[in-house]
Amino acid sequence: MHPRNVLKNAPDFTALAIKYPEFRRVCKLELCGKVCVDYKNEAALRALTQTLLLEYFGLVVEFSPGSLVPTVSLRLNYILWLEDLLAAGLTKSVRGIDIGCGSSCIYSLLAAKKNEWSMVALETNPSNLVYAQKNIERNKLENKIVLFSQKQKDHIFQEYFEASDALTLYDFCLCNPPFYDSLSEVSNTRNPQKRPPPRNCPTGYKDELSCYGGEVKFVEQIIDESLQYKDKIRIFTSMLGLKSSLNQLKHILKSKNISNYCTTEFHQGNTTRWAIAWSFFDNMDLQKLNK
Ligand SMILES: C[S@@+](CC[C@H](N)C(=O)[O-])C[C@H]1O[C@@H](n2cnc3c(N)ncnc32)[C@H](O)[C@@H]1O
């Protein structure tokens, strides 16, 4: 976990269960008296995410039924890494773009509430758009987060940039892409011989989890559009669910003569995720931040 992650040490579930009745309802009491969470139960996962967002950030969040339930520690690790990248460029007021904000709008909510960053949240799924807007409003963050309804699924920035102020410079974009290839039968990110099975039950709609070509194709589209919008965003980033995607994307960056990039790993319990960042700005030396 990132050293500044408030969830670096496991939260006290007993104290949270006493404080929050909705969380208490989904907790299990072991024979030894220990309060624990059943990670295989979707309702318990939802309540845990809602409770942690409320307890640590004062954020009230509802999810569209059946949509992806985000794990807070991972989303925080990504935001903290972005803080580290931005510190390298000494930015004061920060503007970011959240590609595919989901029904929770979690990255934009955290960025706006925790860091007072201004966010544009892009989303294609109609139900996610409705919930994301309500989540922005119920947390009174309308002055910090603008939600944009994206019609074209196969584009990333084009529609928004064509509709918005041409002069605004964004400090970063972030993305948790649909991981899986919609044409492939495989929907598992881990090798069972090397890594233990996931603790959490899988959540999310099909179009949140998969797209044509999977995450590599999705991020390749971001890379392609970054060449067109290289002056609009200082650091392009994306999270990745598969380690193998990292090498493929590094290869794609190199093939397009993009050499200023860095990668990182996010560790949360049994789950590891990867991320990649690249920039066309001379004052953003990302290579020195490589991990
Ligand atoms: C894996 S989910 C991530 C949701 C949220 N950011 C999170 O981390 O919990 C990917 C999201 O991207 C959205 N999406 C897919 N294609 C998109 C596109 N071209 N532009 C914007 N959003 C897109 C999906 O509807 C989905 O909500």
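What counts, and where the lines are drawn
- Residues numbered from 1 in each chain as written.
- Predicted model: local features only at pLDDT ≥ 70, side-chain atom pairs only at ≥ 80, totals over all residues.
- Buried ≥ 20, exposed ≤ 12 C-beta atoms within 10 Å, placed from the backbone.
- Helix = DSSP H or I, 4+ residues; strand = E, 2+ residues; numbered from the N terminus.
- Pairing = 2+ DSSP bridges.
- Axes fitted to C-alpha atoms, helices over the stretch in contact; angles between N-to-C directions.
- Contact = placed C-beta atoms within 7 Å.
- Expected span 1.5 Å × (residues − 1).

Draft legend 1. Looking closely at helix 5 (residues 106–115). Among the ten residues of helix 5, seven are classified as buried, and the element is accordingly described as predominantly covered. The set of residues buried in helix 5 consists of Ile106, Tyr107, Ser108, Leu109, Leu110, Ala111 and Ala112. Directly beyond the C-terminal end of helix 5, a positive phi value near 60° is found at Glu116.

Draft legend 2. Highlighting the sheet that holds strand 3 (residues 95–99). Taken together, seven strands build an open sheet; the order of strands is 5-4-3-6-9-11-10 and the sheet is mixed. One side of each edge strand has no neighbouring strand; the edge strands of this open sheet are strand 5 (145–149) and strand 10 (261–268). With strand direction ignored, the average angle separating the axes of adjacent strands in the sheet is 20°. By the bridge criterion, four bridges tie strand 3 to strand 6 (residues 170–175) in an arrangement that is parallel. Each bridged residue has a counterpart across the sheet, and for Asp98 the counterpart in strand 6 is Leu174. Contacts from helix 6 (residues 126–138) reach strand 4 (118–123) and strand 5 within the one sheet, and its direction differs from that of strand 5 by about 170°. The sheet contacts of helix 10 (residues 243–255) involve strand 9 (233–240), strand 10 and strand 11 (271–278), and relative to strand 11 the element is tilted by about 10°.

Draft legend 3. Spatial organisation of helix 4 (residues 72–87). The terminal C-alpha atoms of helix 4 lie 22 Å apart, and with 16 residues this matches the ideal 22 Å at 1.5 Å per residue to within 8%. Burial runs high along helix 4: twelve of the 16 residues are buried. Every buried residue belonging to helix 4 is among Val72, Ser73, Leu74, Arg75, Leu76, Asn77, Tyr78, Ile79, Trp81, Leu82, Leu85 and Leu86, and all of these are buried. Looking at the buried residues of helix 4, the elements they touch are helix 3 (42–57), helix 5, strand 6, strand 9, strand 10 and strand 11.

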